[in-house]
Amino acid sequence: MRTRQRGLSLLAVLVGGAVLILGAVLAMKILPAYFEFYNAKKLIIQIANERHNNPVDVRKSFDLKAGINDVHSIQSKDLDITKEGGVLVIAFAYRKEVPLFGNLGVYMDFAASAGPGAARD
């Protein structure tokens, strides 16, 4: 009795490898934008918990900490600082464009806010 062979064909291995490589390239290009957003979000939460009294102090603190936390897409002038109930609320929103290859790219919109009463994103 003959048994049927089992395994992958060469074509299946090549197609599977191409899909894995494409996924890895996309992840390597897109993930840094998400890491930067989460660093910026963590930074404004940290600054909001410091309970600064005025926007100037918040902006100075952000400028000092942004370089350390590898946040380059937003600057202190991009922060939206409001006062709610006597407490400062810090927010930001920005769009990041990530070119993939050729004329194909991805636009990602990020927004976060921090402070008492702020909607946590």
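All of the points below concern the structure found in this document. (Residues numbered from 1 in each chain as written. Predicted model: local features only at pLDDT ≥ 70, side-chain atom pairs only at ≥ 80, totals over all residues. Heavy atoms only, no water.)

Moving on, we come to the overall build of the chain. Across its full length, the chain carries 2 helices and 3 strands. Traced from its N-terminal end to its C-terminal end, the chain shows the element sequence α-α-β-β-β. Radius of gyration (C-alpha) of the chain: 22 Å, far over the 14 Å computed for a compact globule of 121 residues. If one aligns the C-alpha atoms of the chain with their principal axes, the spans along those axes are about 85 × 35 × 20 Å. Going through the 121 residues of the chain one by one, you find that 28% of them count as buried. Considering only intrachain contacts with a sequence separation of at least 6, the fraction spanning at least 24 residues in the chain is 48%. (Helix = DSSP H or I, 4+ residues; strand = E, 2+ residues; numbered from the N terminus. Rg over C-alpha atoms; globule rule 2.2 N^0.38 Å. Buried < 20%, exposed > 50% of the residue type's maximum accessible area, 1.4 Å probe, protein only. Contact = heavy atoms within 4.5 Å.)

As a further point, take the sheet that holds strand β3 (residues 104–114). Taken together, 3 strands build an open sheet; the order of strands is β1-β2-β3 and the sheet is antiparallel. Only two strands of the sheet have a single neighbouring strand rather than two, namely β1 (80–84) and β3. Averaged over all pairs of adjacent strands, the angle between strand axes in this sheet comes to 20°, irrespective of strand direction. In the packing of helix α1 (residues 10–49) onto the sheet, the strands contacted are β2 (87–101) and β3, and the crossing angle to β2 comes to about 170°. (Pairing = 2+ DSSP bridges. Axes fitted to C-alpha atoms, helices over the stretch in contact; angles between N-to-C directions.)

So, about the nonpolar core. Within the largest apolar cluster, 24 residues are counted, with the highest numbers of intra-cluster contacts made by I44, V58, F62, I74, L79, I90 and F92. Sorting the residues of this core by element identifies α1, α2 (55–66), β2 and β3 as the ones contributing at least two each. Among the elements that line this core, the one with the most residues is α1, at 7 residues. Look past the residues within four positions of V58 in its chain and what remains in contact with it is I47, H52, L79, I81, L88 and I90. (Core = buried A, V, L, I, M, F, W, Y, C linked by side-chain atoms within 4.5 Å.)

Quick look at the side chain of S61 now. Counting through the fold element by element, S61 comes out in helix α2. With residues near it in sequence (within four places) discarded, S61 still touches I47, E50 and H52.

A positive phi angle, near 60°, is found at R51, a position not held by glycine. Given a relative accessible area of 52%, R51 falls into the exposed group. Positive phi, normally seen in glycine, also occurs at D70, with a value near 60°. Structurally, D70 can be placed in the loop between α2 and β1.

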